[in-house]
Amino acid sequence: MSDFAVRKIVVQVEEILHEGGPLVTPAPVRGAIYAICRNPFAGRYEPDLQPAMEALKPLALELTDRLVAALGGRAGIDAYGKGAIVGESGESEHGALWHVAGGYGMRERLGECRAIVPSTMKVGGMGATLDIPLGHLNAAYVRSRFDVITVASADGPRSGELLFALAMARGGRVHSRMGGLEVDQVKGEDGLR
């Protein structure tokens, strides 16, 4: 992990009581955590990045544990996502390092997770925002869990840094009413339904 020395970790938790409709109890909760790290590949082309995915797994586990704790524990967490912002002297492929590690960390700690972990990444400067998509853990077609949480850091990522983020939610959009597969209909067999 020393190659990806962490400068800071930030946790955010949102409790959504309503969006103009009636108050919802219990309120859906979504949260995100990100680490801003040194980018060991900044400013140069590295032909073989894949070993670095393994090196990031301990960070993914730590971030997962912290986010689960911030959300009050594992019970009820039913949506997840991940993302990365690459500082200006990096390339988008450096953000792709988080695909395996970020997904691994959440799957390892959350248990059964059959659906793909929605993901996003981009190159951006300090203060860039990242909209992290959320999706149900076991069934990609649960429309009520199609959501997003936005993260940003006023002082990062700097030119030679990476921002690696994880996101989770307990409950769907606060006033979801778009139909589709409901949570109580999830079979969890193929990651889709």
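This report concerns the structure included in the present document.

How each quantity is defined
Residues numbered from 1 in each chain as written. Predicted model: local features only at pLDDT ≥ 70, side-chain atom pairs only at ≥ 80, totals over all residues. Heavy atoms only, no water. Helix = DSSP H or I, 4+ residues; strand = E, 2+ residues; numbered from the N terminus. Core = buried A, V, L, I, M, F, W, Y, C linked by side-chain atoms within 4.5 Å. Buried < 20%, exposed > 50% of the residue type's maximum accessible area, 1.4 Å probe, protein only. Contact = heavy atoms within 4.5 Å. Expected span 1.5 Å × (residues − 1). Salt bridge = Lys/Arg side-chain N within 4 Å of Asp/Glu carboxyl O. Axes fitted to C-alpha atoms, helices over the stretch in contact; angles between N-to-C directions. Parallel < 35°, antiparallel > 145°, perpendicular 65-115°, else oblique. Left-handed = near helix turned anticlockwise from the far one by under 90°. Nonpolar A, V, L, I, M, F, W, Y, C, P; charged D, E, K, R; others polar. 1 Å grid on protein atoms, 1.4 Å probe; cavity = no way out; pocket = protein on both sides within 12 Å on 5 of 7 lines; lining within 4 Å. Points joined across faces, edges and corners; volume = space filled by probe spheres on them.

## Digging into the environment of Q185
Then, in step 1: With respect to the helices, strands and loops of the structure, Q185 is situated in the segment after strand 7 (161–170).
Then, in step 2: C-alpha separation for the pair Q185 and V142, spaced 43 residues apart in sequence, amounts to 9.0 Å.

## A short note on the nonpolar core
Then, in step 1: Residues F4, W98, L110, F164 and M168 are the most contacted members of the largest nonpolar core, which totals 32 residues.
Then, in step 2: Breaking this core down by element, the ones donating at least two residues are strand 2 (29–38), helix 1 (50–55), helix 2 (57–70), strand 3 (79–86), helix 4 (98–110) and strand 7.
Then, in step 3: In terms of residue count, the dominant contributor to this core is helix 2 (5 residues).
Then, in step 4: Those residues in contact with W98 that lie beyond four places of it in its chain are L56, L59, A60, L63, K82, G83, A84, G103, F164, A165 and L166.
Then, in step 5: With 15 residues, the next largest nonpolar core counts I85, L130, I132 and A167 among its residues.

## Some points on helix 2
Then, in step 1: With 14 residues, helix 2 extends 20 Å from end C-alpha to end C-alpha; this agrees with the ideal 20 Å at 1.5 Å per step.
Then, in step 2: Among the residues of helix 2, those classed as buried are K57, L59, A60, L61, L63, T64, L67 and V68.
Then, in step 3: For helix 2, the secondary structure elements touched by its buried residues are strand 1 (6–15), strand 2, helix 1, helix 4 and strand 7.
Then, in step 4: Trailing helix 2 by a residue or two, G72 shows a phi angle of about 90°, which is positive.

## Description of the pattern of salt bridges
Then, in step 1: Inspection of every chain in the model, using the stated rule, returns 12 salt bridges.
Then, in step 2: Residues E62 and R66 are paired through a salt bridge, measuring 3.0 Å at the closest nitrogen-oxygen approach. Of the two residues, E62 and R66 are both situated in helix 2; the distance of 4 residues between them amounts to about one turn of the helix.
Then, in step 3: Classification of R66 as partly exposed rests on a relative accessible area of 40%.
Then, in step 4: Two residues, R158 and D155, come together in a salt bridge whose shortest N-O distance is 3.8 Å.
Then, in step 5: Connected through shared salt-bridge partners, R7, K8, D155, R158 and E161 make up one network.

## Concerning the packing of helix 2 against helix 4
Then, in step 1: Direction vectors running N to C along helix 2 and helix 4 enclose 45°, while the axes themselves pass 8 Å from each other. Looking at the two axes, helix 2 sits oblique to helix 4. Crossing geometry of helix 2 relative to helix 4 is assigned as right-handed. Facing K57, L59, A60, L61, L63, T64, D65 and V68 of helix 2, the residues of helix 4 in contact are W98, V100, A101, G102, Y104, G105, M106, E108, R109 and L110.
Then, in step 2: Of the residues assigned to the contact of helix 2 with helix 4, the class counts are 11 nonpolar, 3 polar and 4 charged.

## Quick notes on the layout of surface pockets
Then, in step 1: Approximately 160 Å³ is the volume found for the largest pocket.
Then, in step 2: Looking at the largest pocket, the residues that line it are Y45, E46, P47, L49, Q50, M53, E91, E93, A96 and L97.

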